[in-house]
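The primary structure of each chain is shown beneath.
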Amino acid sequence: MTGKVDRMARRPDRIRIEVFGPTEAVETAEDAFRPSNEAIRSLARLIGRQIAREQFERARALERKQARQNRSGPMR
């Protein structure tokens, strides 16, 4: 290197961690888990859609295969 400081390689000397004290509002267990429940439901919905899409594609592929076999008919 030429003596210039490479800014991309520079690392901070310390890691800053902010600590927050308890909030004034009382939070119920249901309120505490609501964001994670919503995330879980969203993820489950996405997974369900993917599974349904894959099942649909397999069914369509089987239909196309059967249609090709029916078109060719028995060979004499």
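You'll find the structure just up there.
Quick look at a positive patch on the surface
Then comes step 1: Among the surface-exposed residues, R41, R45, R49 and R53 lie close enough to one another that they form a single positively charged patch.
Then comes step 2: Overall, R53 belongs to the partly exposed group, its relative accessible area being 42%.

Description of the pattern of salt bridges
Then comes step 1: Scanning the model with the defined rule gives one salt bridge in all.
Then comes step 2: In this structure, E63 engages R60 in a salt bridge whose closest nitrogen and oxygen atoms are separated by 3.5 Å. With E63 and R60 both in helix α1 (residues 29–72) and three residues apart, this pair spans about one turn of that helix.
Then comes step 3: In this structure E63 comes out as partly exposed when scored by relative accessible area, which is 45%.
Then comes step 4: Judged by its relative accessible area of 37%, R60 is partly exposed.

Cut-offs applied
- Residues numbered from 1 in each chain as written.
- Predicted model: local features only at pLDDT ≥ 70, side-chain atom pairs only at ≥ 80, totals over all residues.
- Heavy atoms only, no water.
- Patch = residues over 30% accessible without salt bridge, like charges linked within 9 Å, V, L, I, M, F, W, Y side chains within 5 Å.
- Areas by Shrake-Rupley, 256 points an atom, 1.4 Å probe, with all protein chains shown as cover.
- Salt bridge = Lys/Arg side-chain N within 4 Å of Asp/Glu carboxyl O.
- Lys, Arg positive; Asp, Glu negative; His and termini not counted.
- Charge placed at Lys NZ, Arg CZ, Asp CG, Glu CD.
- Buried < 20%, exposed > 50% of the residue type's maximum accessible area, 1.4 Å probe, protein only.
- Helix = DSSP H or I, 4+ residues; strand = E, 2+ residues; numbered from the N terminus.

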